[in-house]
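Breakdown of the fold
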Amino acid sequence: LRLLDDPVIRDWVAAQKAPAETAAPTATAMSPSSYMDKRLGDIRLHFANLIAAVPQLPGEFARARDILMVEFEDRGIIRVLSLIVGFLALGLFVEWLFRRATRNLQRWIVTVPLITVGDRLRAAGIRMCFGLGLVIAFSIGSVGAFLFFTWPPLLREIVLGYLSAILVLRIALVFGRFLLAPGGERFRLVPMNTEAAWFWYRRISLAVGWLAIGWVTVGLLGTLGLSLGARGFIAYLLGLMLLAIGIEACWRRPPSS
């Protein structure tokens, strides 16, 4: 209390409060036009950085290639791709074993009567569990088997990333079959004809697969040392393809969908 009575201390406390008190009205006094101008300036700067990154792309890709060559010096790129294909094949094999073990359940699903609401709900729940079981079997055979071994960090990130992208695609396929049931009209939860069901099932699967693989690719480019601007430019290119998929789906959609 005696210190607070000291004029020097009181002046110092007042000087510390003054900047905060003057800054608060400035932050809240920004007009809508000023905010929009700031946001437009940020957008212009963002695109300017993207354009500036384009001439640097060849050099950045060359450095990324050098990093890959050093990392895979003992294992060639062909061997890495073979690893991915091999673990995918192992996942499909485990999934095939799951299908064989559940043949009776599959026959029951195909022939179950769907008379009451309870029948439909029970069949839908079992179909969903069966589809998730396929995904789990595939993930155990592919991702699980891969994690069982010890790998170099970069190789581990690359292979695990693309295996995860394929796993996301498989989950999308399961939910697509559950909702649209393109191969079984009586199980379809979304009202549409079979042609439309196949159309949207394929387009949605393509969009999800492209998005998952693009997401993993852009993330790996950051690991390989590409700048934020270069990664943003590549992400926009991948996004244009995703936009093209959406435009094509809306343009060519079946009339009865």
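Before going further, it helps to examine the overall build of the protein. Helices and strands together make up the secondary structure of the protein, namely nine helices and zero strands. Of the regular secondary structure in the protein, the N- to C-terminal order runs α-α-α-α-α-α-α-α-α. Per-residue burial for the protein yields a buried fraction of 31% across its 257 residues. A fraction of 72% describes how many contacts in the protein between residues 6 or more apart in sequence connect residues 24 or more apart. Accessible area for the protein stands at about 16700 Å²; split by element, carbon and sulfur atoms hold 70% of it.

If you trace the backbone, Glu-60 turns up in helix α3 (residues 57-71). Although Glu-60 lies buried, it forms no salt bridge, and the closest oppositely charged side chain, Arg-63, sits 4.3 Å away as judged by the N-O distance. Not counting chain neighbours up to four residues away, the residues in contact with Glu-60 comprise Gly-225, Leu-226, Ser-227 and Ala-230.

Residue placement: Leu-169 occurs in helix α7 (residues 153-180). Sequence spacing of Leu-169 and Ile-213 is 44 residues, and the spatial spacing of their C-alpha atoms is 9.2 Å. Discounting chain neighbours no more than four positions away, the residues touching Leu-169 are Ser-205 and Gly-209.

Turning our attention to unusual backbone geometry. Backbone geometry places Ala-181, a non-glycine residue, at a positive phi of 45°. Mapping Ala-181 onto the fold places it in the loop between α7 and α8 (194-223). Taking relative accessible area as the criterion, Ala-181 reaches 5% and is therefore assigned buried.

Under the definition given, this model contains five aromatic pairs. A ring pair is formed by Phe-93 and Trp-96, whose centres lie 6.0 Å apart and whose planes are at 25°; its orientation type is stacked. Taken as a pair, Phe-93 and Trp-96 lie in helix α4 (residues 77-101) at a separation of three residues, close to a single helical turn. The exposure class of Phe-93 is partly exposed, given its relative accessible area of 44%. For the pair Phe-199 and Trp-200, a centre-to-centre distance of 5.1 Å together with 90° between the ring planes defines the contact as edge-to-face. The lysine or arginine in question, Arg-170, covers the ring of Phe-138, its NZ or CZ lying 4.9 Å from the ring centre.

Together, Leu-132, Ile-136, Ile-140, Ile-171 and Phe-175 give the surface a local cluster of nonpolar side chains, amounting to about 430 Å² of exposed area. The element that contributes the greatest number of residues to the nonpolar patch is helix α6 (residues 117-147), accounting for three residues. Mapping Ile-140 onto the fold places it in helix α6.

With that settled, the discussion passes to the layout of surface pockets. Empty space within the largest pocket amounts to approximately 450 Å³. Forming the boundary of the largest pocket are 18 residues, of which Ile-109, Arg-127, Phe-130, Arg-177 and Phe-187 lie nearest the centre. Elements supplying a minimum of two residues to the lining of the largest pocket: α5 (103-111), α6 and α7. Looking at which element gives the most residues to the lining of the largest pocket, the answer is α6, with five residues. Partitioning the lining of the largest pocket into residue classes produces ten nonpolar, four polar and four charged. By volume, the second largest pocket is sized at about 210 Å³. What lines the second largest pocket is Leu-68, Phe-72, Ile-77, Val-80, Leu-81, Ile-84, Ile-158, Tyr-162, Thr-217, Leu-220, Leu-221 and Leu-224.

α7 packs onto α6 with a crossing angle of 170° between their chain directions and a minimal axis gap of 10 Å. With respect to α7, the axis of α6 lies roughly antiparallel. Looking at the contact of α6 with α7 residue by residue, the classes come out as 18 nonpolar, three polar and four charged.

Let us look at the confidence of the model for the protein. Residue-level pLDDT values for the protein average 81, and 86% of them are 70 or greater. When pLDDT is averaged over each element of the protein, α8 comes out on top at 91 and helix α1 (residues 7-28) at the bottom at 57. Here residues 20-27 is modelled with pLDDT under 50, and outside its nearest four sequence neighbours on either side it reaches zero contacts, counting other chains as well.

The rules behind the values
- Residues numbered from 1 in each chain as written.
- Predicted model: local features only at pLDDT ≥ 70, side-chain atom pairs only at ≥ 80, totals over all residues.
- Heavy atoms only, no water.
- Helix = DSSP H or I, 4+ residues; strand = E, 2+ residues; numbered from the N terminus.
- Buried < 20%, exposed > 50% of the residue type's maximum accessible area, 1.4 Å probe, protein only.
- Contact = heavy atoms within 4.5 Å.
- Areas by Shrake-Rupley, 256 points an atom, 1.4 Å probe, with all protein chains shown as cover.
- Lys, Arg positive; Asp, Glu negative; His and termini not counted.
- Salt bridge = Lys/Arg side-chain N within 4 Å of Asp/Glu carboxyl O.
- Phe/Tyr/Trp six-rings, centres within 6.5 Å; stacked < 30°, edge-to-face > 60°.
- Lys NZ or Arg CZ within 6 Å of the ring centre and 35° of its normal.
- Patch = residues over 30% accessible without salt bridge, like charges linked within 9 Å, V, L, I, M, F, W, Y side chains within 5 Å.
- 1 Å grid on protein atoms, 1.4 Å probe; cavity = no way out; pocket = protein on both sides within 12 Å on 5 of 7 lines; lining within 4 Å.
- Points joined across faces, edges and corners; volume = space filled by probe spheres on them.
- Nonpolar A, V, L, I, M, F, W, Y, C, P; charged D, E, K, R; others polar.
- Axes fitted to C-alpha atoms, helices over the stretch in contact; angles between N-to-C directions.
- Parallel < 35°, antiparallel > 145°, perpendicular 65-115°, else oblique.
- pLDDT = per-residue confidence, 0-100.

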